[in-house]
Amino acid sequence: MKPFTLIASLALAGLLPTALAAPVRYELDPTHTYPSFEADHMGLSVWRGKINKNSGSLVYDKAAGTGTVEVQMDLASIDFGLDAMNAWARGKDFFNLEKNPATALFKGRLDAVRAGLPTQVVGELTLNGRTRPVTLTIHQLKCLPHPMLKRDWCGADATGTFNREDFGLTAGKDWGFNMAVNLRIQVEAVAAE
């Protein structure tokens, strides 16, 4: 029997190991997914914040450790924990959401598989109308059955750094602010029905 015929026969009989399973599409759970960031404040302190509203998807082949991810972030929901700072970030001196796109987008592919799990997401960040490459390091990735929804459920934590000047966001540069921003995306996603 030819190898392809054997594989097809085993697949039809349901006898193939899960190693040949198809990729699964997962929907991000916006109540458990929080992109967050850290940015310099004149070298004196580090400002931290998060994006409260987001959406997206994950397509993941657990057997191969490959897939893609997309996270859409609503910049109007930026939250520093300080209303005045939130308003400033949405206003004309930074994101200028009245004139510029109100959504940031990270899209990438799972990569650098070790011990069956991807260790990074190689992708692009679109922010302020500009798209630049950004790679995130995956610190944790785990999937298990969701106890209530009875569907597969995956969670991950990934971090990376980008230069906000590359996106035209230079507020504070003349005063000595470091333009590097640390980005962390903690994500949970449930298999689509």
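Structure: above.
Residues numbered from 1 in each chain as written. Predicted model: local features only at pLDDT ≥ 70, side-chain atom pairs only at ≥ 80, totals over all residues. Heavy atoms only, no water.

Overview of the pattern of salt bridges
Evaluation of the coordinates by the stated rule reveals 8 salt bridges. A salt bridge links Asp152 to Lys62; the shortest N-O distance between them is 2.9 Å. Placement of Asp152 in strand β10 (residues 152-163) and of Lys62 in the loop between β4 (54-61) and β5 (66-74) is noted, with a sequence separation of 90 residues between them. Residues Asp111 and Arg109 are paired through a salt bridge, measuring 3.3 Å at the closest nitrogen-oxygen approach. (Salt bridge = Lys/Arg side-chain N within 4 Å of Asp/Glu carboxyl O. Helix = DSSP H or I, 4+ residues; strand = E, 2+ residues; numbered from the N terminus.)

What about the environment of Thr161?
Mapping Thr161 onto the fold places it in strand β10. Considered as a pair, Thr161 and Asn182 are 21 residues apart in the sequence and their alpha carbons are 4.5 Å apart. Leaving out residues up to four positions away in the same chain, Thr161 has contacts with Val134, Ala180, Val181 and Asn182. (Contact = heavy atoms within 4.5 Å.)

So, the pairing of strand β2 (residues 34-41)
The two faces of the sheet receive side chains in turn, since in a regular strand these alternate between them. In the sheet, β2 pairs with strand β11 (residues 180-191) via 6 bridges, with the strands oriented antiparallel. Counted as the bridge partner of Pro35 is Ile185 from β11. Across 6 bridges, β2 lies against strand β3 (residues 45-51) in antiparallel orientation. Looking across to β3, one finds that His41 is bridged to Ser45. (Pairing = 2+ DSSP bridges.)

As for the nonpolar core
Membership of the largest hydrophobic core comes to 40 residues, with the highest contact counts inside it found for Phe95, Phe106, Leu125, Leu127, Leu136 and Phe162. Of the residues forming this core, the biggest block, 6 residues, is contributed by β11. Excluding anything up to four places from it in sequence, Phe162 contacts Leu125, Leu127, Val134, Phe167, Met179, Ala180, Val181 and Leu183. (Core = buried A, V, L, I, M, F, W, Y, C linked by side-chain atoms within 4.5 Å. Buried < 20%, exposed > 50% of the residue type's maximum accessible area, 1.4 Å probe, protein only.)

Overview of helix α2 (residues 83-90)
Every buried residue belonging to α2 is among Met85, Asn86 and Ala89, and all of these are buried. One side of α2 holds all its buried residues, which, seen down the axis, span an arc of 105 degrees. Turned more than 90 degrees away from the buried face of α2, the exposed residues are Asp83 and Ala84. Where α2 is buried, its residues touch β3 and β6 (78-79). (Arc of directions from axis to C-beta.)

Comments concerning unusual backbone geometry
Of note in this structure, Asn128 is not a glycine but carries a positive phi near 60 degrees. Mapped onto the fold, Asn128 is located in the loop between β8 (117-127) and β9 (130-145). Of note in the backbone geometry, Lys150 takes a positive phi value of approximately 60 degrees without being a glycine. By secondary structure assignment, the location of Lys150 is in the loop between β9 and β10.

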